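Single-letter residue listing:
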Amino acid sequence: MADISLKEVTLIVGVITACYWNSLFCGFVFDDVSAILDNKDLHPSTPLKTLFQNDFWGTPMSEERSHKSYRPLTVLTFRLNYLFSELKPMSYHLLNMILHAVVTVIFLKVCRLFLENRSSVIASLLFAVHPVHTEAVTGVVGRAELLSSIFFLAAFLSYTKSKGPNNSIVWTPIALTVFLVAVATLCKEQGITVVGICCVYEVFIAQGYTLPSLCTAAGQFLRGKGSFPFSVLQTLIKLIVLMFSTLLLVVIRVQVIQSQLPVFTRFDNPAAVSPTPTRQLTFNYLLPVNAWLLLNPSELCCDWTMGTIPLIESFLDIRNVATFTFFCFLGALGVFSLRYPGGSSKAVLMALCLMALPFIPASNLFFPVGFVVAERVLYVPSMGFCILVAHGWHKISNKSSVFKKLSWVCLSLVIFTHALKTLHRNWDWESEYTLFMSALKVNKNNAKLWNNVGHALENEKNFEKALKYFLQATHVQPDDIGAHMNVGRTYKNLNRTKEAEESYMMAKSLMPQIIPGKKYAARIAPNHLNVYINLANLIRTDESRLEEADQLYRQAISMRPDFKQAYISRGELLLKMNKPFKAKEAYLKALELDRNNADLWYNLAIVQIELKEPNEALKNFNHALELNPKHKLALFNSAILMQESGEVKLRPEARKRLLSYINEEPQDANGYFNLGMLAMDDKKNSEAEMWMKKAIKLQADFRSALFNLALLYSQTAKELMALPVLEELLKYYPDHIKGLILKGDILMNQKKDIVGAKKCFEKILEMDPSNVQGKHNLCVVYFEEKDLLKAERCLLETLALAPREEYIQRHLNIVRDKISASSLIEQPIFPVTKPLGVKGKKIPTENAREIRSEPRPTQIIKAIDDNSQSKTNQQLGKDTDKETPHKTTKEIKEIEKKRVAALKRLEEIERILNGE
């Protein structure tokens, strides 16, 4: 085997760079969304052992909805990408391009075993630029093919060194081969097929047998006319070791998938559920279809499911001719390679093995798979095709000088056009919209493609245009449940609820009937069960139909008891129905299915807050943060819970969590506001002012931030700085009573603006005639205007509103004494009351904060249809003002001190009036 030169490696790397440089600018599309964006196994917070417990898409292998594709080493490389660049697509595409170059270089080394040097380079160049590889190289999930191919080829190269002098066995390469096969299989399942190639290589290449000679030797041995050659014994030992190792890997693989095949539907692979002979005729026809993609990759499509290739239902179908021709050609090559000795037959034989054996797992011939045709699975089989082409070119070019020139021209044209096609094809993978639109140009009979274009438009909020594609999908495939679900969801987004409900009901009517005795009630795509969730989420907006929605959730659970999403949605509905105990049961059931889901622990905490169990709620918030330290809602709401508890020892942790929250959500004013409230609790006035100003900068009409900043100024003897803040507050909220009270107080006591203060208090009484604070303060204004009789009447009316308030009776007595004495004291005899914070207590001099305590929303995980979109948390709730729910002991003592001081002041004024 000749060594590979640096010039050859440079040529290969240069060609691949020229063909795939534009793939670096593509995003995550199609299956990348589920494997990368939605896969929590990529996150550093997920334990590494989880990668070996879940499938390629992050679903536990034990769950029935699992795809059963076990590729932990491939997911590990995704995790490494995430570690360095998180979800920036360029690094993922760059690594794929590098891996493709590595595969091509190793393939060149393999070619040197069977082809002369020039032909080997040609085979490698053709492999490097073949357009059918764009799905494996430019699509990030194609990395499974790339990694598996590296170890696949390395295992084969290792095995070729297992033959020592005098046909002896060298065990180290064999042991290394077994290890590399296992690694290749952990990257993708087809890696195990290299064992078959090693067996063929051992018998027909290393030992030099042909089929006739092998049959002759076997016949003589069986008739007792020949001895058993030692070389044959050596070969048998090696083959037994290989086969035993393969069997062990297969047993382990079956154990990993728990002896269950994944659930595929007729929409994924229509022929798989078709009767005989339709199933056999169609699956055999798929072989020439795949061969044609290698021979003429002019029309490539990212999705060949559903109606892309119509079923062959009769022997008279003209397409059977293609199947017959393909098998005849394949049989002729097989006979040639096995019957005749020589280098040419060896090259053809290994090419056929590389084409056929790695393709068997995806061929549908032995067990059904979840697709009809997939271009990415042709990555390894195309190696055999490239060897055949290069070997054929070599034979033709040696015929004559004319053939030599013509063969060079044709070869150059093929490589150049393939490179251009690859370069152009990469742009199709730029976005989901470009990818699926390019697929529709090839095939308009696949409802899934129409759906996926609709999803791409839906992600861009172009619902009107998306609806047209979803409706077209229902026309192409009227019984496609997912298409009707998509139509319903789009109608809902367009606020056309009646049409949305009709579409969901249509999808529901297409669901298969329950099959008694089946563990899985109906063999359907798991996402189709979301029709119950979507329909329930739609009708629950009508308060009179909550029970109907609950029945739908329960129906989904009855069909599939491990339907975690149904428990989550039902728990949220039960909260809305004021049934927190049942909601708690729903979330606990969901946690039995997935204890590593931070969202579920968060939801359970919300329920416990409703059940007045703050300590348990805080524990579950903490559990959610252990699983996901960046869980934004858990960070925020747990901090608020700590703050509202009034426990001083919890404030540092609350502050830490709020700081983490604003680091995750720097544009959310709520985080800064609550940091300001914590600073006010700790009497850190400068810090509180800074946070409040940041909140207002992000949200100019932030009501509570504006009021509390003004109140902060008022409490720190900066009343004149509070006035412009209050003006801003009242510009947005002219009916803000507490703001009007505080403004009137400042105007009265600081600005001596009696007229301005009077307008504030009168406006309060226009909005709320029973407001005691506003009424009392207006009485003070009348007193300042020296209208004692009006002040007396005003105080009488106020006393009628609050007959138990002693200070109002005292002030009324003062006014009456003043009237009877007919003399006035220049200073105010009783203070204007400022805005109050504790409902029911009227303390004349108390300035209490107004706190906007953000609501703690339960997580609403919307049902996901077959577009595999990621689940998201509901964002923070509406802005609401809420009076202070808790006071610390220290604050209560300060309030009492102020109350005593105010009463002493009133007593002094009374003594002056009484002439004491």
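Residues numbered from 1 in each chain as written. Predicted model: local features only at pLDDT ≥ 70, side-chain atom pairs only at ≥ 80, totals over all residues. Heavy atoms only, no water.

## Observations concerning the overall build of the protein chain
Working step 1: From N to C terminus, the protein chain includes 39 helices and 2 strands.
Working step 2: Across the 916 residues of the protein chain, 54% fall into the buried class.
Working step 3: Considering only contacts within the protein chain whose residues lie at least 6 apart along the sequence, 67% involve residues at least 24 apart.
Working step 4: Of the roughly 41,400 Å² of accessible surface on the protein chain, a fraction of 59% belongs to carbon and sulfur atoms. (Helix = DSSP H or I, 4+ residues; strand = E, 2+ residues; numbered from the N terminus. Buried < 20%, exposed > 50% of the residue type's maximum accessible area, 1.4 Å probe, protein only. Contact = heavy atoms within 4.5 Å. Areas by Shrake-Rupley, 256 points an atom, 1.4 Å probe, with all protein chains shown as cover.)

## Here we look at the state of the cysteines
Working step 1: One pass over the structure, following the stated rule, counts 1 disulfide.
Working step 2: Covalently, C779 is tied to C794 through a disulfide, its sulfur atoms 2.0 Å apart. Looking down the S-S bond of the C779 and C794 bridge, the torsion is -85°, so its handedness is left-handed. Taken as a pair, C779 in helix α36 (residues 772–784) and C794 in helix α37 (residues 788–801) lie far apart in primary sequence, 15 residues in all. Each member of the pair, C779 together with C794, is buried.
Working step 3: Lacking any disulfide linkage, C111 is separated from the closest cysteine sulfur, that of C386, by 8.0 Å.
Working step 4: The class of C111 is buried, set by a relative accessible area of 0%. (Disulfide = S-S within 2.5 Å.)

## Quick look at helix α33 (residues 719–732)
Counting along an α-helix, one turn takes 3.6 residues, and residues three or four places apart therefore face a common direction.
Working step 1: The terminal C-alpha atoms of α33, which comprises 14 residues, lie 20 Å apart, in line with the 20 Å expected from a rise of 1.5 Å per residue.
Working step 2: Looking at the buried positions of α33, the neighbouring elements they touch are α32 (703–715) and α34 (737–749). (Expected span 1.5 Å × (residues − 1).)

## Digging into the packing of aromatic side chains
Working step 1: Applying the stated rule across the entire model yields 18 aromatic pairs.
Working step 2: Each ring, one from F56 and one from F78, has its centre 5.9 Å from the other, and the planes form 45°; the classification is tilted. Taken together, the residues span a long stretch of sequence, with F56 in the loop between α2 (31–37) and α3 (72–85) and F78 in helix α3 at a distance of 22 residues.
Working step 3: Grouping aromatic residues by their ring pairs yields a cluster made of W21, F25 and W427.
Working step 4: Its end group placed over the ring of Y285, R319 keeps NZ or CZ at 5.4 Å from the ring centre.
Working step 5: One residue, R703, lies across the ring of Y733, its end atom 5.4 Å from the ring centre. (Phe/Tyr/Trp six-rings, centres within 6.5 Å; stacked < 30°, edge-to-face > 60°. Lys NZ or Arg CZ within 6 Å of the ring centre and 35° of its normal.)

## Some details on the nonpolar core
Working step 1: Counting residues in hydrophobic clusters, the biggest one holds 243 residues, and the most contacted among them are F107 and F156.
Working step 2: For this core, the element with the highest residue contribution is helix α9 (residues 194–206), accounting for 11 residues.
Working step 3: Excluding residues that lie within four positions of it along the chain, F156 makes contacts with V110, L113, F114, V194, I197, C198, Y201 and M350.
Working step 4: Of all hydrophobic cores here, the second largest spans 12 residues; its members include F28, F56, F78 and V141. (Core = buried A, V, L, I, M, F, W, Y, C linked by side-chain atoms within 4.5 Å.)

## Topic: the environment of G142
Working step 1: Structurally, G142 is set in the loop between α6 (134–137) and α7 (143–159).
Working step 2: Along the primary structure G142 and D31 are separated by 111 residues, whereas in three dimensions their C-alpha atoms are 9.4 Å apart.
Working step 3: Ignoring any residue separated from it by four or fewer positions in sequence, one finds G142 in contact with E135 and A136.

## Side note on the packing of α7 against helix α8 (residues 171–187)
Working step 1: The N-to-C vectors of α7 and α8 enclose an angle of 170°; their axes lie 8 Å apart at closest approach. With respect to their mutual orientation, α7 and α8 come out roughly antiparallel. In this structure, α7 uses A144, L147, S148, F151, F152, A154, A155, S158 and Y159 to contact α8, whose residues at the interface are P173, I174, L176, T177, L180, V181, V183, A184 and C187.
Working step 2: Here the contact of α7 with α8 is built from residues that sort into 15 nonpolar, 3 polar and no charged. (Axes fitted to C-alpha atoms, helices over the stretch in contact; angles between N-to-C directions. Parallel < 35°, antiparallel > 145°, perpendicular 65-115°, else oblique. Nonpolar A, V, L, I, M, F, W, Y, C, P; charged D, E, K, R; others polar.)

## Focus: helix α5 (residues 117–129)
Working step 1: Its 13 residues place the ends of α5 19 Å apart at the C-alpha level, agreeing with the 18 Å of an ideal helix rising 1.5 Å per residue.
Working step 2: Here α5 lies mainly inside the structure; 11 of its 13 residues are buried.
Working step 3: For α5, every residue scored as buried is listed here: S119, S120, V121, I122, A123, S124, L125, L126, F127, A128 and V129.
Working step 4: The N-terminus of α5 is capped by E116, whose side-chain oxygen sits 3.1 Å from the backbone nitrogen of R118. (Polar contact = N/O pair within 3.5 Å; in protein donor to acceptor, adjacent residues only side chain to side chain.)

## A word on unusual backbone geometry
Working step 1: For the bond running from T276 to P277, omega is 0°, close enough to zero to count as cis.
Working step 2: Among the secondary structure elements, P277 is positioned in the loop between α11 (230–256) and α12 (278–295).
Working step 3: In this model, N495 sits at a positive phi of 60°, which is unusual for a non-glycine residue.
Working step 4: For N495, the location among the structural elements is in the loop between α20 (481–493) and α21 (497–509).

## Examining the pattern of salt bridges
A side chain of one charge can pair with a side chain of the opposite charge if their charged atoms are brought near each other.
Working step 1: Under the defined criterion, the tally for this structure stands at 36 salt bridges.
Working step 2: Notably, a salt bridge pairs K188 with E145, separated by 2.1 Å at the nearest N-O pair. Here E145 lies in helix α7 and K188 lies in the loop between α8 and α9, a separation of 43 residues in the sequence. Residue K188 shares its accessibility class with E145, and that shared class is buried. (Salt bridge = Lys/Arg side-chain N within 4 Å of Asp/Glu carboxyl O.)

## Details of a nonpolar patch on the surface
Working step 1: Taken together, the side chains of W21, F25, M90 and W427 present a nonpolar region at the surface, about 420 Å² in accessible area.
Working step 2: Within the element layout of this structure, W427 appears in helix α16 (residues 401–428).
Working step 3: Take W427: its relative accessible area is 34%, and that puts it in the partly exposed class. (Patch = residues over 30% accessible without salt bridge, like charges linked within 9 Å, V, L, I, M, F, W, Y side chains within 5 Å.)

## Comments concerning empty space enclosed by the protein
Working step 1: Evaluated as defined, the whole model comprises 5 cavities of 30 Å³ or more.
Working step 2: Empty space within the second largest cavity amounts to approximately 60 Å³.
Working step 3: Split by residue class, the lining of the second largest cavity holds 8 nonpolar, 2 polar and no charged. (1 Å grid on protein atoms, 1.4 Å probe; cavity = no way out; pocket = protein on both sides within 12 Å on 5 of 7 lines; lining within 4 Å. Points joined across faces, edges and corners; volume = space filled by probe spheres on them.)

## Observations regarding the packing of α36 against helix α38 (residues 806–821)
Working step 1: Following both chains from N to C, one finds α36 and α38 inclined at 15°, their axes separated by 12 Å at the closest point. Relative to α38, the element α36 is oriented roughly parallel. Crossing handedness for the pair α36 and α38: left-handed. Residues V772, H776 and F783 of α36 form the contact with α38, whose own contacting residues are Y807, I808, H811 and V815.
Working step 2: Counted by class, the contact of α36 with α38 contains 5 nonpolar, 2 polar and no charged residues. (Left-handed = near helix turned anticlockwise from the far one by under 90°.)

## Observations regarding the confidence of the model for the protein chain
Low-confidence regions, as indicated by low pLDDT, have predicted coordinates that should not be scrutinised in detail.
Working step 1: Residues of the protein chain with pLDDT of at least 70 account for 85%, and the chain-wide mean is 84.
Working step 2: Note on residues 836–893: pLDDT under 50 across the span, and 178 contacts to partners over four residues away in sequence or across chains.
Working step 3: Confidence over residues 905–916 falls short of pLDDT 50; this stretch has 18 contacts with residues more than four positions distant or in other chains. (pLDDT = per-residue confidence, 0-100.)

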